[in-house]
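Residue strings, one per chain:
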Amino acid sequence: MFYFEDVVVGEPLETPALTLTEAHVVGYAGLTGEWEPRSTDEVASHRSEGGGRAVPDLLPICLSSGLGWRAPQPPLAILAFMGFEWTFALPLRLGDTIRSRSRTVAKRSMKDGGVVVEEREILNQRGEVVQSGRLTLLVAKRARK
Amino acid sequence: MAGEERRYFDEIQVGEEYLSPGRTVTEADIVIFAGLSGDYNVLHTDAEFMKTSIFGERIAHGLLGLAIQSGLLTRGMRPFATIAFLGLRWKFKGPIKIGDTITVRAKVLEKRDTAKPDRGIITLQRQVLNQKGEVVQEGETDVMVERRPR
């Protein structure tokens, strides 16, 4: 585990990549009940710019939190996800491959744990930033011996 | 819904409110979300460890709550003629536990013109409430919506 004390401001972290498949989109739609035509209606999706089913906008950030667990660093001892601000810059389609890049921009010690502010970008296979934003996390401190 | 008419920017009024049906968040939701996202944090997957935590039990992933509310609200309003989801500002204020029933309350906060005359930006304020009426998540979402074609 990576505790509050171990977090270094400015140090970049890059995750492995993941290809977005039809299974992700269908599984996500079923779980959330969000059946947007642009991501679940093949015929309607071809009438829009770009064409073809789009990946639901909130799915990549969900996947990036899982990718974070596979990064070459022990996982962060997160006590709570406090909030985030997020921008959607470019659409993703079935078959696109994403990875996430992040770095801590601020940390603040509190009585129990500390607050860590992280900047995160999700990139596609061409290296374009498709989504990005800033996350605020409450992270545990190392237990005192 | 088949043939459900999408609402254009022009028709949507600031101050309009929407309320979703309720939805009980189950253990299955959390297990499926962990599998889909790959986020197996002990907060969501280790019942024994979580007995010793401040929550006393497993809690839903914050992003699962966000994703569920997004789908849930589509059952409480007619869809907008959305071109793109632009961004959001979101706060996770309290845990969603297994068996909690959530509803979404939303309100049109702001309408803004854009450089292009065929579209506008709408900001929705959203609150996710549990069965006790506590706000467990809240925030604002910005979407780009088509104007009625001339």
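Thresholds applied
- Residues numbered from 1 in each chain as written.
- Chains lettered and ligands numbered in written order.
- Predicted model: local features only at pLDDT ≥ 70, side-chain atom pairs only at ≥ 80, totals over all residues.
- Helix = DSSP H or I, 4+ residues; strand = E, 2+ residues; numbered from the N terminus.
- Buried ≥ 20, exposed ≤ 12 C-beta atoms within 10 Å, placed from the backbone.
- Contact = placed C-beta atoms within 7 Å.
- Pairing = 2+ DSSP bridges.
- Nonpolar A, V, L, I, M, F, W, Y, C, P; charged D, E, K, R; others polar.
- Core = buried A, V, L, I, M, F, W, Y, C linked by C-beta atoms within 7 Å.
- pLDDT = per-residue confidence, 0-100.
- Axes fitted to C-alpha atoms, helices over the stretch in contact; angles between N-to-C directions.
- Parallel < 35°, antiparallel > 145°, perpendicular 65-115°, else oblique.
- Left-handed = near helix turned anticlockwise from the far one by under 90°.
- Arc of directions from axis to C-beta.

### What to know about the overall build of chain A
Here is step 1 of the chain: When helices and strands are tallied, chain A shows four helices and six strands.
Here is step 2 of the chain: Of the regular secondary structure in chain A, the N- to C-terminal order runs β-β-α-α-α-α-β-β-β-β.
Here is step 3 of the chain: With the principal axes as the frame, chain A shows a C-alpha extent of 60 × 30 × 25 Å.
Here is step 4 of the chain: Expressed as a percentage of the 145 residues in chain A, the buried residues total 34%.
Here is step 5 of the chain: Sequence separation of at least 24 residues holds for 70% of the intrachain contacts in chain A that already meet a minimum separation of 6.

### Things to note about the overall build of chain B
Here is step 1 of the chain: Scanning chain B from N- to C-terminus turns up four helices and six strands.
Here is step 2 of the chain: In sequence order, the secondary structure elements of chain B are arranged as β-β-α-α-α-α-β-β-β-β.
Here is step 3 of the chain: Viewed in the frame of its principal axes, chain B has a C-alpha envelope of about 60 × 30 × 30 Å.
Here is step 4 of the chain: Put simply, chain B has 150 residues, and 35% of those count as buried.

### Notes on the pairing of strand β4 (residues 97-109) of chain A
Within a regular strand, side chains alternate between the sheet's two faces.
Residue and element names in this part refer to chain A.
Here is step 1 of the chain: As defined by bridge partners, strand β1 (residues 12-14) adjoins β4 across three bridges and the pair is classed as antiparallel. Following the sheet pairing, E14 is matched in β4 by R101.
Here is step 2 of the chain: Judged from the two bridges that link them, strand β2 (residues 18-19) and β4 form a sheet pairing that is antiparallel. Bridging across to β4, T19 finds its partner in T97.
Here is step 3 of the chain: In this structure, β4 lies alongside strand β5 (residues 114-123), joined through 10 bridges in antiparallel fashion.

### Concerning the interface of chain B and chain A
Here is step 1 of the chain: The interface of chain B with chain A comprises 28 residues on the first partner and 26 residues on the second.
Here is step 2 of the chain: Of all the secondary structure elements, the ones that give two or more residues to the side of chain B that touches chain A are α1 (27-37), α4 (62-73) and β3 (82-92) of chain B.
Here is step 3 of the chain: Residues belonging to the side of chain B that touches chain A are distributed by class as follows: 15 nonpolar, eight polar and five charged.
Here is step 4 of the chain: Where strand β3 (residues 78-88) of chain A meets β3 of chain B, five bridges bridge the pair, whose relative direction is antiparallel.

### Thoughts on the nonpolar core
Here is step 1 of the chain: Counting residues in each nonpolar core, the largest one holds 60 residues, and the members touching the most others are C62, I78 and V139 of chain A together with L64 and A67 of chain B.
Here is step 2 of the chain: If you tally residues by element for this core, the top one is α4 of chain B, at seven residues.

### Regarding the pairing of β3 of chain B
Here is step 1 of the chain: The sheet contact formed by β3 of chain B and strand β6 (residues 135-146) of chain B spans nine bridges and is antiparallel. Counterpart to K91 of chain B in the pairing with β6 of chain B is E138 of chain B.

### Section: the confidence of the model for chain B
Here is step 1 of the chain: Summarising the model, chain B shows a mean pLDDT of 96, and 97% of its residues fall at 70 or more.
Here is step 2 of the chain: This complex was scored by the predictor with a pTM of 0.95 and an ipTM of 0.95.

### Looking at the packing of helix α1 (residues 22-32) of chain A against α1 of chain B
Here is step 1 of the chain: Relative orientation of the contacting elements α1 of chain A and α1 of chain B amounts to 160°, with a least axis distance of 11 Å. Between α1 of chain A and α1 of chain B, the angle falls in the class roughly antiparallel. With respect to the hand of their crossing, α1 of chain A and α1 of chain B are arranged in left-handed fashion. Contacts between α1 of chain A and α1 of chain B pair H24, G27, Y28 and L31 of chain A from the former with D29, I32, F33 and L36 of chain B from the latter.

### What about α1 of chain A?
Here is step 1 of the chain: Of all the positions in α1 of chain A, only H24, V25, Y28 and T32 of chain A are classed as buried. Within α1 of chain A, the buried residues cover an arc of 95° as seen down the axis, which keeps them to one side. Those residues of α1 of chain A that are exposed and angled more than 90 degrees off the buried face are E22 and A23 of chain A.
Here is step 2 of the chain: Buried residues belonging to α1 of chain A abut α2 (37-40) and α4 (59-68) of chain A together with α1 and α4 of chain B.

### Observations concerning the environment of H46 of chain A
Here is step 1 of the chain: Summarising the element assignment, H46 of chain A is placed in the loop between α3 (42-45) and α4.
Here is step 2 of the chain: Other than its neighbours up to four places away in sequence, H46 of chain A contacts G51 and G52 of chain A.

### Remarks on α4 of chain A
Since one α-helical turn is 3.6 residues long, residues separated by three or four positions face the same way.
Here is step 1 of the chain: Along α4 of chain A, 10 of the 10 residues are buried, which leaves the element largely enclosed by surrounding structure.
Here is step 2 of the chain: Within the span of α4 of chain A, buried status applies to L59, P60, I61, C62, L63, S64, S65, G66, L67 and G68 of chain A.

### Examining the environment of L73 of chain B
All names here are of chain B.
Here is step 1 of the chain: By secondary structure assignment, the location of L73 is in helix α4.
Here is step 2 of the chain: Residue class for L73 comes out buried when judged on the 23 C-beta atoms lying within 10 Å of it.
Here is step 3 of the chain: Sequence spacing of L73 and I32 is 41 residues, and the spatial spacing of their C-alpha atoms is 21 Å.
Here is step 4 of the chain: In this structure L73 touches Y18, S20, V104, A106 and R126, once residues within four positions along its chain are discounted.

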